[in-house]
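# Results of the structural survey
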Amino acid sequence: MVSIKVIAAECGVSIATVSKALNGQRDVSPETRQRVIDTARRLGYMPNSMARALKTNRTYNIGVLFVDEAQSGLTHEYFAAVLDSFKRQAELRGYDITFINRHVGRRSSSYLEHCRYRGVDGVVIACVQFTDPEVVELVQSDLPTVTIDHVFNNRSAVLSDNAEGMRALVEHFIALGHRRIACIHGERHSSVTEKRLASFYRTCSEHGITVPDEYVRSAEYRNVAFCAEQTRALLALPEPPTAILYPDDYSAVGGIQAIREAGLSIPGDISVAGYDGIALSQIITPSLLSYRQNTETLGRQAADLLIEQIENPRTTLPEQRVVSGNLQLGDSAAAPKR
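To keep things clear, this report deals only with the structure shown in the data block. (Residues numbered from 1 in each chain as written. Predicted model: local features only at pLDDT ≥ 70, side-chain atom pairs only at ≥ 80, totals over all residues. Heavy atoms only, no water.)

## Observations concerning the sheet that holds strand S9 (residues 216-218)
Pairing in this open sheet of four strands is parallel, and the strands run S9-S8-S10-S11 from one edge to the other. The open sheet has two edge strands, S9 and strand S11 (271-273), and neither has a second partner. If you compare each strand with its neighbour and ignore which way they point, the axes differ by 15° on average. Summarising the sheet, strand S10 (residues 243-245) and S11 pair through three bridges and their orientation is parallel. Bridged to isoleucine 244 within S11 is valine 272. The strands that helix H8 (residues 162-176) touches are strand S8 (181-185), S10 and S11; relative to S10, the one it contacts most, it runs at about 175°. Where helix H9 (residues 191-206) meets the sheet, its contacts fall on S8, S9 and S10, and the angle it forms with S8 comes to roughly 170°. (Pairing = 2+ DSSP bridges. Helix = DSSP H or I, 4+ residues; strand = E, 2+ residues; numbered from the N terminus. Axes fitted to C-alpha atoms, helices over the stretch in contact; angles between N-to-C directions. Contact = heavy atoms within 4.5 Å.)

Rendered as structure tokens:
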């Protein structure tokens, strides 16, 4: 096995310089650092993770807590894309990834216990029930944490701009001439839902539109059947909406099916919009008006925020970073019938 002593001899520098270069310390010139790194790669050097952990008090291992209520796991297109970006950025900065759960071997454990057992340096938390006492315990521990799409007091978070996303969709409908706009939203306990709903009402109000209570209906994210049921209820109203917003692109498929079952056309009779801008939204017919969240930036920013806490705990302050997306036009929206 190649040691840092061999690399030092090859490069004509001290062992201390090699160690500093490989660990990214700043008191080594960029030229020397690159020469050491290139030599290490050429010789096939692999650091001993246990030795490095003892020396640096870090394992270079990051925990990922991802618990999807719909139990779709990593088939959840939005979070899968965010976590893939997170993983690539973390690996680029020298960290491995471990998924956190409630088990250590065959024994039940808390999330925090599993983190301690795995020796992770920090945790990114996404798509969980953020009021879960075990999640709260983890966030309030001394482990560095970053949450995605949820803010805890005095903790770092990366957030998609859900208020702006909803505003963009509503204003697009209004620009087409719609005044009867319905909104089927996800779970009310979610801060994502709260922000989208507040933005929906605010945007409508700013344009002089009063939203009837029956136009706002609760469903679940990624629940095709539930969204289809709520769509049927909207279509049965004495004065049904001319446009419907869905909580995500996947659940919008249920709404589209219900509209077609009622003998109505999209967008001839009714316009629809999803949310997330996943690949599915552009291959279904008609292509779906949606708001594409910037999953690449969300994941990368989450990794950078967490690693900054891990590597510079004394100087890094809690920070919330908001990431904008963009309106994704589709053929599912048109001017309402006169």
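## A few points about H9
Because each turn of an α-helix spans 3.6 residues, side chains separated by three or four positions end up pointing in the same direction. Under the 1.5 Å per step criterion, the end-to-end length of H9 is 22 Å for 16 residues, consistent within 8% with the ideal 22 Å. When H9 is considered as a whole, its buried residues turn out to be Ser191, Val192, Thr193, Arg196, Leu197, Ser199, Phe200, Thr203 and Cys204. Packing partners of the buried residues in H9 comprise H8, S8, S9 and S10. Near the N-terminus of H9, the side chain that reaches the backbone nitrogen of valine 192, with its oxygen 3.1 Å away, is that of serine 190. Taken from the residues just after H9, glycine 208 is the one with a positive phi, measuring 75°. (Expected span 1.5 Å × (residues − 1). Buried < 20%, exposed > 50% of the residue type's maximum accessible area, 1.4 Å probe, protein only. Polar contact = N/O pair within 3.5 Å; in protein donor to acceptor, adjacent residues only side chain to side chain.)

## Some words on the packing of aromatic side chains
The description of two aromatic rings rests on the distance between their centres and on the angle between their planes. All told, the structure shown has six aromatic pairs when counted by the stated rule. Taking 5.1 Å as the distance between ring centres and 40° as the angle between the ring planes, the aromatic pair formed by tyrosine 60 and tyrosine 95 counts as tilted. Here tyrosine 60, found in the loop between helix H4 (49-56) and strand S1 (61-66), pairs with tyrosine 95, found in the loop between helix H5 (77-92) and strand S2 (96-99); they are 35 residues apart in sequence, far enough to count as distant. Considering the side-chain rings of phenylalanine 66 and phenylalanine 79, the 5.8 Å spacing of their centres and the 50° angle between planes classify their relative orientation as tilted. Of the two residues, phenylalanine 66 is situated in strand S1 and phenylalanine 79 in helix H5; the sequence distance between them amounts to 13 residues. Of the two residues examined, phenylalanine 66 and phenylalanine 79, each falls in the buried class. Here a set of aromatic residues connected by ring pairs shows up, and it is made of Phe66, Tyr78 and Phe79. A cation over a ring is seen here: arginine 196 above tyrosine 275, with NZ or CZ 3.5 Å from the ring centre. The ring of tyrosine 250 has arginine 222 sitting right over it, with the charged end atom 4.3 Å from the ring centre. (Phe/Tyr/Trp six-rings, centres within 6.5 Å; stacked < 30°, edge-to-face > 60°. Lys NZ or Arg CZ within 6 Å of the ring centre and 35° of its normal.)

## So, unusual backbone geometry
In most cases, non-glycine residues show a negative phi, while peptide bonds are predominantly trans. Put simply, isoleucine 266 and proline 267 share a cis peptide bond, and its omega is 5°. Residue threonine 285 is joined to proline 286 through a cis peptide bond whose omega torsion reads -5°. Among the structural elements, proline 286 can be located in the loop between helix H12 (280-283) and strand S12 (290-292). With a phi close to 115°, aspartate 276 is a non-glycine residue in the positive phi region.

## A short note on the pattern of salt bridges
Counted by the stated rule, this structure contains 19 salt bridges. For arginine 180, the salt bridge identified is with glutamate 239, shortest N-O distance 3.9 Å. Placement of arginine 180 in the loop between H8 and S8 and of glutamate 239 in the loop between helix H10 (224-235) and S10 is noted, with a sequence separation of 59 residues between them. For glutamate 296, the salt bridge identified is with arginine 300, shortest N-O distance 3.7 Å. Of this pair, glutamate 296 and arginine 300 both sit in helix H13 (residues 295-311), four residues apart, which is roughly one turn of the helix. The class of glutamate 296 is partly exposed, set by a relative accessible area of 35%. Each of Asp84, Arg88, Glu296 and Arg300 takes part in a single network of salt bridges with overlapping partners. (Salt bridge = Lys/Arg side-chain N within 4 Å of Asp/Glu carboxyl O.)

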